[in-house]
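Examining the three-dimensional arrangement
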Amino acid sequence: MAFGKNQTSQSNNEVNETSPSPDHDHDPLTAPLKRKLHSRHLQMIAIGGIIGPGLLVGSGKAFSEGGPAGVLISFSLVGIIVYFVMQALGEMATAIPVTGSFTEYAQRFVDDALAFGLGWAYWYLWITVLANEYNAVSLVIMYWTDAVPQWAWILIFWFLFLGLANFGVREYGEMEFWLSLIKVLALIVFFILAICISTGGIGGETIGFKYWHEPGAFADSINGVARTFVVAGTLYAGTEMVGITAGESSDPQRAVPRAIKQVFWRILVFYIGTMFFIGILMPYTEPHLLNSSSYGANSPLTIALSQAGILPAAHLINALIVVSVISAGIGSLYVASRTILFMARSGKAPKFLGRTNAAGVPWAAILFSNIFTCIVFMTLGESAGKVYDALITLSGVATFLVWTSICVAHVRFRSALRAQGESVESLPFRAAFYPYGTWFALLFCVFLVFFQGYTAFLRPFSASDFVVNYILLPVFVAFVGGWKVWHKTRIVGLREMDIWTGRRVRVAEDDGGEEDRGTGWKGKGWRGRVYRGVVG
């Protein structure tokens, strides 16, 4: 089975993740990461990892531009896309749990050039997400006091995240477990308070759907809905984190499918639920919401509770946002650093970024990634809202490009299974509604990449909006095309595609203990067998 040099290098590393040798354990440039994330860690990362400052603060921008009905439409449509993208990723990540995740799948199943462009686009996505988180937490803390300048709060959290991200993966899993649990419980409390406020149980006034009539359900008809698609894409970014954590999971064949199956409920309860309650508690014209002309921002949750006279609860929500920033910040650095680690070890990034310490932490990639988040200082000053808008838009477009690549890799993976005579029954987890779900997500992502910026063409034409909405597309094409021309890569043939290295498949149950069994599609029992592959 033949595949490229870069793939061989990474595949050998993945073999050593399963059966490490003493040489690799002591070499910081090749030592495998530690597989110490347990099932409960992945479950809570899947549930709480998406509840960050983007949802709690950035949702205000989507709400102000789309209105209560507009955000429900855009978030629901993008939520359906996310569901099918996660089904596709879950199938590949459960069968082949590797640290490079979908970046490596793009390399092995599609083209090495796509992996180069995808890896850097995904890294950039998390850099902008983390920069937005630094900006959001500094604005939220200034709800309490403005005695400390905004740039100082950004620096404090910059060093805090850098320190926490350098803990081992087990420590990261424990921190994320408890922080996510706090976020989930606090958000449920907000839902209960929102119901009480809306029905008049708190505040004395029955609100109901008053704000859906005045100022209205839509902020700017279809144009407002279009503007919120990239915000929705940015806020949903992180759902694919489960694919990255699979590479450091101690039991991916059980933990990953469970986490993937929770995606629908996460989207329905936390995203759609939050946007619904924001829409009934305040008008989209609320002046304190984040928008392109604002100099500061409060969380829409904080605004709603403050206006209802529940100041202690408003302070608690603000504290929740700070907790969510710590959780989301560490998670952002985790994903960005693991992406760069794979890129460095597969020859697509400077080699020194592939270094790890004795605890298996990619400290060089973490430091490198955090340095680039200093673009957050561009948000300071009179144009803060516009810069925040630009960062949100760019990261949203990057999200759609990443999801498109995941779907392409999944279609190619399934095609290779057929070409090589393998049955999908051997997969420990199978994507629901394949091929319709994967193709729907793929085509819709491509559509949104182009559709999300059409408002720049409305009269008068906005050159700045056009650049922000579409500049990432030629950059991505240049990265992929440049790598392809320089290294003379080609699309991997279906029959020569490496679908075995790190593969786990169903085998007939024998005398294996209960601890070896996982739950596959339709609850069928199976025991994982790892295939390391033969490179030739």
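Data block above holds the structure.
Bear in mind that the values here come from a model prediction, so they are computed numbers and not experimental data.

**What about the overall build of the protein?**
- Within the protein, the regular secondary structure consists of 20 helices and four strands.
- Across the 536 residues that make up the protein, the buried fraction comes to 62%.
- Look at the contacts in the protein between residues 6 or more apart in sequence, and 80% of them connect residues 24 or more apart.
- Here the protein displays about 19,800 Å² of accessible surface, and carbon together with sulfur accounts for 67% of that area.

**As for the nonpolar core**
- Counting 153 residues, the largest nonpolar core has Phe75, Tyr105, Phe109, Tyr236 and Trp403 as its most contacted members.
- Top element by residues in this core is helix α6 (residues 112-141). It accounts for 20 residues.
- With near-sequence residues (within four places) excluded, tyrosine 236 lies in contact with Phe75, Val78, Gly79, Val82, Ile267, Tyr271, Ile272 and Trp403.

**Thoughts on the state of the cysteines**
- Tallying each qualifying case throughout the model produces zero disulfides.
- For the unlinked cysteine cysteine 445, the closest cysteine sulfur is that of cysteine 407, found at 5.7 Å.

**Concerning the layout of surface pockets**
- By volume, the largest pocket amounts to about 490 Å³.
- Taken together, 19 residues form the lining of the largest pocket, with Glu65, Arg227, Asp389, Asp465 and Asn469 sitting closest to its centre.
- Of all elements in the fold, only α4 (53-95), α10 (221-236), α17 (384-419) and α19 (463-470) reach the threshold of two or more residues within the lining of the largest pocket.
- Residue classes in the lining of the largest pocket are distributed as six nonpolar, seven polar and six charged.

**Things to note about the packing of aromatic side chains**
- Per the counting criterion, the structure on display carries 31 aromatic pairs.
- With a centroid separation of 5.8 Å and an interplanar angle of 50 degrees, the aromatic rings of phenylalanine 75 and tyrosine 236 are classed as tilted. Placement of phenylalanine 75 in helix α4 and of tyrosine 236 in helix α10 is noted, with a sequence separation of 161 residues between them.
- Relative to tryptophan 126, the ring of tyrosine 122 has its centre 6.2 Å away and its plane inclined at 85 degrees; by these criteria the two rings are edge-to-face.

**A short note on the side chain of threonine 94**
- Within the secondary structure, threonine 94 sits in helix α4.
- Within polar-contact distance, the side chain of threonine 94 engages the backbone oxygen of glycine 90 at 2.6 Å.

**Concerning the packing of helix α7 (residues 150-165) against helix α15 (residues 311-345)**
- Here α7 crosses α15 at 55 degrees, and the two axes come no closer than 9 Å. Classified by the interaxial angle, the pair formed by α7 and α15 is oblique. As α7 packs across α15, the resulting crossing turns out to be right-handed. Residue-level contacts link Phe157, Leu160, Phe161, Leu162, Leu164 and Ala165 of α7 to Val322, Val325, Ile326, Gly329, Ile330 and Leu333 of α15.

**Examining unusual backbone geometry**
- For the peptide bond that leads from glutamate 214 to proline 215, omega is 15 degrees, which places it in the cis range.
- As for its placement among the helices and strands, proline 215 is situated in the loop between α9 (210-213) and α10.
- For serine 221, which is not glycine, the phi torsion reads 45 degrees and is therefore positive.
- On the accessibility criterion, serine 221 (41% relative accessible area) is partly exposed.
- Backbone geometry at phenylalanine 433 places phi at a positive 60 degrees, although glycine is not the residue there.
- Looking at where phenylalanine 433 falls in the secondary structure, it is placed in the loop between α17 and α18 (436-451).

**Some words on helix α16 (residues 363-372)**
- Of the positions making up α16, those classed as buried are Ala364, Ala365, Ile366, Phe368, Ser369 and Asn370.
- Those residues of α16 that are buried are in contact with α6, α7 and α15.

**Points about a nonpolar patch on the surface**
- On the surface, Phe457, Phe461, Phe466, Val467, Ile471, Val475 and Phe479 cluster together into a nonpolar patch covering about 610 Å² of accessible area.
- Every element with two or more residues in the nonpolar patch is listed here: α19 and α20 (472-487).
- Residue position: valine 475 is located in helix α20.
- In this structure valine 475 comes out as partly exposed when scored by relative accessible area, which is 35%.

**As for the pattern of salt bridges**
- Taken as a whole, this structure holds eight salt bridges when the rule is applied.
- The salt bridge partner of lysine 348 is aspartate 112, with a shortest N-O separation of 2.8 Å. Note that lysine 348 is positioned in the loop between α15 and α16 and aspartate 112 in helix α6, a separation of 236 residues in sequence. Across this residue pair, the class does not change: lysine 348 and aspartate 112 are buried.
- Put simply, arginine 227 and aspartate 220 hold a salt bridge, and the shortest N to O gap is 3.0 Å.
- With relative accessibility at 28%, the residue arginine 227 sits in the partly exposed group.
- For aspartate 220, a relative accessible area of 30% translates into the label partly exposed.
- Each of Glu104, Arg108 and Asp498 takes part in one network of salt bridges that share partners.

**Considering α6**
- For α6, built from 30 residues, the straight-helix expectation of 44 Å at 1.5 Å per residue is met to within 8% by its first-to-last C-alpha distance of 44 Å.
- For α6, the buried fraction is high: 29 of the 30 residues fall into the buried class.
- Two to three positions downstream of the cap, the backbone nitrogen of alanine 113 sits 2.8 Å from a side-chain oxygen, assigning the N-cap of α6 to aspartate 111.

**Quick notes on the packing of α7 against α16**
- Running from N to C, α7 and α16 point in directions that differ by 160 degrees, and their axes come no closer than 10 Å. Relative to α16, the element α7 lies roughly antiparallel. The chirality of how α7 crosses α16 is right-handed. Across the interface between the two elements, Trp158, Leu162 and Ala165 from α7 touch Ile366, Leu367, Asn370 and Ile371 from α16.
- Considering only residue class, the contact of α7 with α16 consists of six nonpolar, one polar and no charged.

**Some words on the environment of phenylalanine 161**
- You can see phenylalanine 161 is positioned in helix α7.
- Look at phenylalanine 161 and you get buried, because its relative accessible area is 0%.
- Between the alpha carbons of phenylalanine 161 and isoleucine 330 there is a distance of 5.8 Å; along the sequence they are 169 residues apart.

What counts, and where the lines are drawn
- Residues numbered from 1 in each chain as written.
- Predicted model: local features only at pLDDT ≥ 70, side-chain atom pairs only at ≥ 80, totals over all residues.
- Heavy atoms only, no water.
- Helix = DSSP H or I, 4+ residues; strand = E, 2+ residues; numbered from the N terminus.
- Buried < 20%, exposed > 50% of the residue type's maximum accessible area, 1.4 Å probe, protein only.
- Contact = heavy atoms within 4.5 Å.
- Areas by Shrake-Rupley, 256 points an atom, 1.4 Å probe, with all protein chains shown as cover.
- Core = buried A, V, L, I, M, F, W, Y, C linked by side-chain atoms within 4.5 Å.
- Disulfide = S-S within 2.5 Å.
- 1 Å grid on protein atoms, 1.4 Å probe; cavity = no way out; pocket = protein on both sides within 12 Å on 5 of 7 lines; lining within 4 Å.
- Points joined across faces, edges and corners; volume = space filled by probe spheres on them.
- Nonpolar A, V, L, I, M, F, W, Y, C, P; charged D, E, K, R; others polar.
- Phe/Tyr/Trp six-rings, centres within 6.5 Å; stacked < 30°, edge-to-face > 60°.
- Polar contact = N/O pair within 3.5 Å; in protein donor to acceptor, adjacent residues only side chain to side chain.
- Axes fitted to C-alpha atoms, helices over the stretch in contact; angles between N-to-C directions.
- Parallel < 35°, antiparallel > 145°, perpendicular 65-115°, else oblique.
- Left-handed = near helix turned anticlockwise from the far one by under 90°.
- Patch = residues over 30% accessible without salt bridge, like charges linked within 9 Å, V, L, I, M, F, W, Y side chains within 5 Å.
- Salt bridge = Lys/Arg side-chain N within 4 Å of Asp/Glu carboxyl O.
- Expected span 1.5 Å × (residues − 1).

These figures capture arrangement, not role.
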